[in-house]
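# Commentary on secondary and tertiary structure
Listed below are the residues making up each chain.
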Amino acid sequence: MNKDINSMASSLTAVIFIGLIFLSPALALASFQPECATSSSFTPSIAFTTNLRSTIEQVQKLIRLLSPFSSTLGGGDLRLTSAVADCLDLLDLSSDQLSLSLSPSGGTGNRLYDVRSWLSAALGNQDTCHESLSGTKGIVGALVSTGLNIVSSQIASSLREVSSMPGSKKTGHRRLLQSETSSGFPDWVRAGDRRLLQTATPKADAIVAQDGSGNFKTVMEAVEAAPTESEKRYVIYVKKGLYQENVEIKKKKWNLMMFGDGMGQTVISGNRNFVDGWTTFRTATFAVSGKGFIGRDITFENTAGAQKHQAVAFRSDSDLSVCYRCSMEGYQDTLYAHSLRQFYRECHVSGTVDFIFGNAAAVFQKCQIEARSGLPDQKNSVTAQGRKDPNQNTGFTLQFCNVSAGVNLTIQTPTYLGRPWKQYSRTVIMQTYLESIIRPEGWLPWQGDFALDTLYYAEYMNSGPGAGLANRVKWTGYHALSDPNQVVNFTVGQFIQGNMWLPSTGVTFTSGLME
């Protein structure tokens, strides 16, 4: 992840050109609160609708502006080629998310929360495009920078309106302190998907096997053959083996379920990395954008090693998605929870620097989180959450997890729960066991006093030798919580509206604070 703030050489001609194309509305921000939407009603104003339609037009102009560069630029410059591809994909996702926000249908049924989720994702996409382009040379970054900023400004304005609507910042209901379903899954997981996740060997629509005993020999071949925009669950079984390939599930591949023979048995492996010229976004061994993805009993790994810096094993922009009993193995930037609503249950995640990062609304339950030994003098940070606007309903929750020492890690390697990648970074660690590898101060600054007053980091009822609060950081944005009413908004039922969509996936989950 190219998180350094790099200055980009600007082109006066490009800026004037873009300025003629785009009109710049004022950026509107609201005060930050750690809240979750619970109201389902949403009546957009005329200004909201007009603004979003204008924003979609601006996004399409940017796509048209960038598209010629996807085939004519590069000349062996992998980073530039990757960055242009990133931006085109991300702008395309933004266009869809803005269109969904104008549509009267789709989502979980909680319209207000759905629209806020889609706008939060769309706002973050432009930021990722900026990051990809910041590591490149040439005029492309300068050419689109103004347009990207204007799109972000317009989305932020719409997000502010949604966040200020009645019901958008209501607190949670006391009944969510208990699990809502007998199966342990949120309500949004449909009954059929619950059965798929709980069945030992679900019936597969396609089988991947290296020995030729299935329909396909590679995972990507099976993905490409899957139906597009399917409302019906499509199941791909990947037999045990080491699959050395990069897999990408595009946005139109809806409701795919992929299951293997278990962590360490079915392994999808890659080694793309930032040092070799890829953008962080494009390093992912396995990337998914299609909504409703379910992964079960698979290992996703990036074997580039610590010396190659950013190297993603698993990246997700899949809304209402689940990973169950999956392993994500890497070093820096292992798991990129990029955007939208995601749930991880009984997974294993290992890494070094910022190894769970992104700007999704993601909850991790009963996961094994392992910090590994990295480069000499390197500091480990479990999370680097990337919330950039106070109105985005994004953040990370770790609940009932175990944060421990992984391969060759000793107490001499400073290890922290997280650091603030963006100004409104939000992470809550609750009811989790913390081994002694966690430093007494708990959290690591990004640079100087950046975001220390605007972030929201909290701990609640953690245990273990690393859970002591006496010497924790004294930042304004850090909170040691003891009242369940202060933390219930970050549970599955509230934070990702899990009761509305997880039951259909079949994955076990706990809705509230009690097992």
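Residues numbered from 1 in each chain as written. Predicted model: local features only at pLDDT ≥ 70, side-chain atom pairs only at ≥ 80, totals over all residues. Heavy atoms only, no water.

## Let's talk about the side chain of Ser-101
Convention followed: In this description a helix means any DSSP run of H or I spanning at least four residues, a strand means any run of E spanning at least two, and both kinds are numbered starting from the N terminus. What qualifies as a polar contact is a pair of N or O atoms within 3.5 Å, subject to a donor-acceptor requirement within protein and to the restriction that residues adjacent in sequence count only when both atoms come from side chains. By the convention used here, residues are in contact when the closest approach between their heavy atoms is within 4.5 Å.
On the secondary structure map, Ser-101 appears in helix H4 (residues 78-102). Of note is the side chain of Ser-101, whose polar atom sits 2.9 Å from the backbone oxygen of Gln-97. Once residues lying within four places of it in the same chain are set aside, the contact partners of Ser-101 are Phe-42, Phe-48, Leu-52, Arg-111, Val-115, Trp-118 and Leu-119.

## Thoughts on the sheet that holds strand S10 (residues 314-316)
Spelled out, the test is: Should DSSP find at least two bridges between two strands, the strands are regarded as paired. Working convention: axes come from line fits to C-alpha atoms, limited for helices to the stretch in contact. Angles between N-to-C directions cover 0 to 180 degrees.
Strand order across the open sheet formed by seven strands is S4-S7-S10-S13-S16-S19-S22, with parallel pairing between neighbours. Two strands bound the open sheet, and with one partner strand each, they are strand S4 (247-249) and strand S22 (415-418). The mean angle between the axes of side-by-side strands here comes to 15°, regardless of whether they run parallel or antiparallel. Bridge analysis of strand S7 (residues 286-288) against S10 gives three bridges, and the strand direction is parallel.

## Some details on the environment of Ser-269
Rules: When a residue's accessible area, from a 1.4 Å probe over protein chains only, is under 20% of the maximum for its type it is buried; when over 50% it is exposed; and in between it is partly exposed.
The topology assignment puts Ser-269 in strand S6 (residues 266-270). Take Ser-269: its relative accessible area is 6%, and that puts it in the buried class. Along the chain, Ser-269 and Glu-301 lie 32 residues apart, while their C-alpha atoms are 4.9 Å from each other. When neighbours within four sequence positions are excluded, Ser-269 is seen to be in contact with Leu-242, Tyr-243, Gln-244, Glu-245, Thr-285, Glu-301 and Thr-303.

## Let's talk about the state of the cysteines
Just so we agree on the cut-off: To count as a disulfide, a pair of cysteine sulfur atoms needs to be within 2.5 Å.
This model, assessed by the stated rule, comprises one disulfide. Disulfide pairing places Cys-87 opposite Cys-129 at an S-S distance of 2.0 Å. Where Cys-87 bonds to Cys-129 through sulfur, the torsion about that S-S bond is close to 100°, and the disulfide is right-handed. Taken as a pair, Cys-87 in helix H4 and Cys-129 in helix H5 (residues 111-134) lie far apart in primary sequence, 42 residues in all.

## Let's talk about the confidence of the model for the protein
Note the cut-off: Confidence of the predictor at the level of single residues is given by pLDDT, which spans 0 to 100.
Averaged over every residue, the pLDDT of the protein is 86; residues scoring 70 or more account for 87%. In this model residues 4-39 is a low-confidence stretch, pLDDT under 50, and it forms 87 contacts with partners more than four residues away in sequence or in other chains.

## Some words on H5
As a reminder of what qualifies: By this rule the span expected of a helix is its residue count minus one, scaled by 1.5 Å.
Helix length check: H5, at 24 residues, gives a terminal C-alpha distance of 35 Å against a target of 34 Å (1.5 Å per residue), a fit within 8%. Counted residue by residue, H5 has 24 buried out of 24 residues, so it is predominantly covered.

## Comments concerning the pairing of strand S23 (residues 426-430)
Of all five residues in S23, five are buried, a share of seventy percent or more. Taken together, the four bridges between strand S20 (residues 395-399) and S23 define a ladder with parallel strand orientation. When the bridges of S23 are listed, Gln-399 appears paired with Met-430. Relative to strand S25 (residues 456-460), S23 runs parallel, the two being bridged by five bridges. The residue of S25 that forms the bridge with Ile-429 is Glu-459.

## Some words on the pattern of salt bridges
Test applied: Any carboxyl oxygen of Asp or Glu within 4 Å of a side-chain nitrogen of Lys or Arg constitutes a salt bridge here.
The tally for this structure, following the rule as stated, stands at 20 salt bridges. Close ionic contact of Asp-86 with Arg-282 constitutes a salt bridge, the shortest N to O distance being 2.8 Å. With Asp-86 in helix H4 and Arg-282 in the loop between S6 and S7, the pair connects residues that are 196 residues apart, well separated along the chain. Notably, a salt bridge pairs Arg-282 with Glu-248, separated by 3.8 Å at the nearest N-O pair. With Arg-282 in the loop between S6 and S7 and Glu-248 in strand S4, the pair connects residues that are 34 residues apart, well separated along the chain. Residue classification places Arg-282 among the buried residues on the basis of a relative accessible area of 12%. Accessibility expressed as a relative area gives 21% for Glu-248, which makes it partly exposed.

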